[in-house]
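So you can see what is in the structure, the chains are spelled out below.
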Amino acid sequence: MKTRIAMPLVATPAVRRPLALAIAALICVPAHAQEADAAKESNSEEKGSLQEVVIEARLKSAATDVVQERIDQVVAADFLAAEQISRVGDSTVSLALRRLPGVTLVTDQYIYVRGLGERYSSTTLNGAYVPSPDLTRNVIPLDLFPAQIIESLAVQKGYTPEQPAAFGGGNVDIRTRGIPEQFTLGVQIGSAYDSEHSRDRIVYPGGGDDALGTDDGTRALAAGLRSAIDTYQGDISPNGIFRALQRDGQFHTFAEAEAINRQLATGLNRNIDFESKSSNPDLSLEAVLGNKWDLGSSGDWRFGFLGLGDYKNGWRNRDRVNRSVANPDTDVVNVERSTNQVALTGSLNLGLEFTREHKLIATGLYLRNTEDEASLVTGNNFNFQRDSGDQFRNYKIRYEERDLRLYQLRGSHELGEDTLALIGNPGWLSFARDMQLDWYYSKARARTDIPNEINVSAADKVDSQSGALLSTGLRSSASAADFRFTNLLDDVESYGWSLHRPFEIGESFIAKISGGWDYYRKGRSYVQTQFGLGTTSSAATGALIGAPGDVLADSAITDPANGYVLSLGGIGTESYLAGEIIDAYHLSFDTTWRDTWRLAGGVRWEGFKQASVPVDPYQYDPAVGKVPVPQDQLSNLVRAEDGYYPALALTYMRPGFMDARDFQLRFGVSQTTARPDLREVSGATYIDPLTEARVRGNPLLITSELLNLDLRAEWFFAGGDNFTVSAFYKDIKNPIETIEGAGTDDNISLTFINAESAELYGLELEWLKDLAFMEDHLGRWIDGFFLAGNLTYSDSRLRIGQQALNLTNQTRRLTQHSPLVLNFQVGYDAPGGRHSATLVYNMADKRVFFAGRNGAPDAYERPFNSLDVVYTFYATDNLSAKFRVQNMLDEAFEITQGGVTVLEQQRGRTLKVDVSYKF
């Protein structure tokens, strides 16, 4: 028996959004929310106590600006201020975070905290949930956020009840730039040149708005094709069209249906012939404007705003070579790949303050990040052997537009002296003195649109000795040209509040009690449409010779002699709809005795509901329905669970210990969770657009449980020097792993399972040291130099168990876990403040990229060493110029398996120049 969920005939974006939200609503219960503790203000007025340790150097002080916030934290946390990010020249949040201890970066998008993958890290923006525009993951790709909008980044590694319970490696809170204290106007223009520009870039005819990072409709699915799918009820094959024509009772021929099918094929964008053009230097533009005013004669009211616009446009050549493990000398694939990346950012903050005790901040943020990729793939395998003069050739085009729209309203209200005086100091409010209420409302939408991903398969005749190309033509196949249209839409709404009440008992004991709740709802729709176009007619052999634009021209397709056929591809369950709800309450305490001992802890109760269903938007059989779900699997569509997640932290504080101005020894223990994401529990089977692997969800996945232990010692010295050593241990029950399923060489299959258990443990070191103490020995030239960095050594052990599908190793490290991570900086701040320079080194040790099956060894990503240099010249107090050379070592990205380099990709060196002027 099948269960049907009523849906319109074609799941258009306008329909999918409310439907996805409806799924979320089905599992929704009335709830409230709390604001994450990480959303606390970290503005300059809270850092006033740092002035005694800030040194005269222009930028070394940036590393000390976040020291006080680290000291004030209940648990282990790391921070990056905007000046630190600017100093090392990182352009996105993801690149900046890799500078923190224990943080590694994967595919320039996702961070791994303490060896745990992106599923074990959560991301918030000003303390609120953020939806993900990623097609294949539930977490947000952090390269979406440009560094220009950042005030600071906070990575909380120890769990507290104010944080979401889905906490493993840590929580990343992105704090956007706040309201300035005075008039601010600045502009910046920059350019960059990449060493891989030496090869001309591959281009193809695109749309008129490509420079803005959006498609003007050139690539979009034609309205005629959409209408035809509806008219012919999901079967646009000649047979399906012929059956539909016969419904009107008139006489129709099968040739008529074939002609209609061929005409429909001309609605696809086939203007895709590649050509080579010289690469242009990158372009970046930024402008910022802000101010704050006192309102009224008393000055109690203040209003301010900050607006920012940012635009980037750059080309990169990222060629790669793939080899098979079994036959690395003969099964070789060469990929010439060019990408055009366009990023567009707009943000506006409005702030209203009253007597410093009441703040209201409204934030609007729009981010667009588009990557237009063209690839020419040539190579040999078992079916195309060079000794026989054969070679395959694929033309690939992928245009991916991601955007995020977010609106937030946040407030903070304290019942302090000014507020009590304003309302006449009523005695009945004395019990609530100094009580503080924080609240927020956030609504966001993330979208990914791939309007037409194209893969045209061709076959070459080459000279068997030299490899010289003799001829090329479209393969004789029913789907020689593949056209895929993909759209993802995430809608997220979250809101809540938290209440804090401080206490003082005598002169030795202070405490704070906090409580609140948190509500979060997300609806997701993922729709993929695929067409196949080709011919197997022997009469078309001669017509297949040539470039794709000629072979797939209108005249060639509509010629009956060539036998072209258009089909609606896929397997019918690539798309899915999903939603989830989190309803949470938390209660915590924070006590300090004689400024020596600090005990904090609490508990969070969190209810979680999730639903994910496969969808076939082109299924028109009412007996099957748009969402075919067997009766015995209905219970798997919705999962509901709840639990308590406690945390306890003990801190010992001793000023003067080992000459430190501040010393803290922290210990923390907590229990958290890691849940499967929406796509992983869906019964949908879809194509991962990045890896071309066929991915199938597993509705039987269960939640992972984590036990977290942390120990950290911190020394903060006069002048800003500091040293930190941390130890951590994590025990994970039922960790979720991505594994390779059954498939063929040309059809890789991936799925998800719960492994039995995993353990992770490690040690982190972090330091900042001014070298002025060596002036007597080395001379005055050493004044202004400092050393900073961190080192992390960790190890993990994953036990797969018996559920794995013929994995070679049942015990190994966690995927993407680098045992050794090193960041090292040598910085210089000129005494006069006109010059600053930084040499930055980053190294991540080898890590498991994917697990081998059927006796094949695991594949490893080789260690990667990155060396950057950044120099800034401050010509005046208003004018500055920044010069950056990135990836000076020019190491390639490599994956090895059994001693064979199965993938090698060049990264290239990059030279960047930015000129800024502040009015």
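First, a word on what this report is: a plain description of the structure on this page. The shown structure was predicted, so the numbers you read here are calculated from the model rather than taken from an experiment.

### Quick look at the packing of aromatic side chains
Taken as a whole and judged by the stated rule, the model has 24 aromatic pairs. Relative to F531, the ring of F485 lies with its centre 6.0 Å away and its plane at 85°, an arrangement referred to as edge-to-face. Of this pair, F485 sits in strand β20 (residues 477-505) while F531 sits in strand β21 (residues 509-535), and the two are 46 residues apart along the sequence. The exposure classification of F485 matches that of F531, with both residues buried.

### Thoughts on the sheet that holds strand β6 (residues 128-129)
As summarised here, the arrangement of the 5 strands in space is β2-β7-β8-β5-β6, forming an open sheet in which the pairing is mixed. The open sheet has two free edges, formed respectively by β2 (77-81) and β6, since each of these has just one partner strand. Pairing of strand β5 (residues 121-125) with strand β8 (residues 170-176) involves 5 bridges; the strand directions are parallel. Of the residues in β8, the one forming a bridge with S121 is G170.

### Notes on the environment of A77
The topology assignment puts A77 in strand β2. Classification of A77 by relative accessible area gives buried; the value is 3%. Linking A77 and Q156, residues 79 residues apart in sequence, is a C-alpha distance of 4.3 Å. Aside from chain neighbours lying at most four places away, what touches A77 is R70, V155, Q156, K157 and R712.

### Considerations on the pattern of salt bridges
Where charged atoms from two side chains of opposite charge come close, those side chains can pair. The full count for this structure, using the stated rule, is 58 salt bridges. Of the charged contacts, one joins E714 and R70 as a salt bridge, the two residues approaching to 3.0 Å between their closest N and O atoms. One end of the pair, E714, is in strand β30 (residues 704-716); the other, R70, is in helix α3 (residues 67-72), and 644 residues separate them in sequence. R70 carries the same exposure label as E714, and that label is buried. R337 is paired through a salt bridge with E373; the nearest N and O atoms lie 3.3 Å apart. One end of the pair, R337, is in strand β15 (residues 332-354); the other, E373, is in strand β16 (residues 358-379), and 36 residues separate them in sequence. Salt bridges here are not isolated pairs; linked through shared partners, they connect R70, D78, R114, K157, R666, D710, R712, E714, E764 and E766.

### Looking at the side chain of D78
In this structure, D78 sits in strand β2. Polar contacts involving the side chain of D78 include one to the side chain of R712, which spans 3.4 Å. Those residues in contact with D78 that sit more than four places away from it in its chain are R70, L100, P101, L153, A154, V155, K157, R712 and E766.

### Considerations on the side chain of N340
Along the chain, N340 falls in strand β15. Exposure remark for N340: the relative accessible area of 8% places this residue in the buried category. Reaching out from N340, the side chain makes a polar contact with the side chain of N313 at a distance of 2.8 Å.

### Notes on the nonpolar core
Among the nonpolar cores identified, the biggest contains 40 residues, and F531, L533 and L566 are the most heavily contacted of them. Listing elements by their share of this core, those giving two or more residues are α6 (223-231), α7 (238-245), α8 (254-265), β16, β17 (390-414), β18 (436-462), β20 and β21. Those residues in contact with L533 that sit more than four places away from it in its chain are A265, R270, A478, S479, A480, A481, F483, L552, I557, Y564, V565 and L566. L105, I140, L144 and A444 belong to the second largest nonpolar core, which has 33 residues in total.

Here is what the cut-offs are and how they apply
Residues numbered from 1 in each chain as written. Predicted model: local features only at pLDDT ≥ 70, side-chain atom pairs only at ≥ 80, totals over all residues. Heavy atoms only, no water. Phe/Tyr/Trp six-rings, centres within 6.5 Å; stacked < 30°, edge-to-face > 60°. Helix = DSSP H or I, 4+ residues; strand = E, 2+ residues; numbered from the N terminus. Buried < 20%, exposed > 50% of the residue type's maximum accessible area, 1.4 Å probe, protein only. Pairing = 2+ DSSP bridges. Contact = heavy atoms within 4.5 Å. Salt bridge = Lys/Arg side-chain N within 4 Å of Asp/Glu carboxyl O. Polar contact = N/O pair within 3.5 Å; in protein donor to acceptor, adjacent residues only side chain to side chain. Core = buried A, V, L, I, M, F, W, Y, C linked by side-chain atoms within 4.5 Å.

Everything listed is a geometric property; what it means functionally is a separate question.
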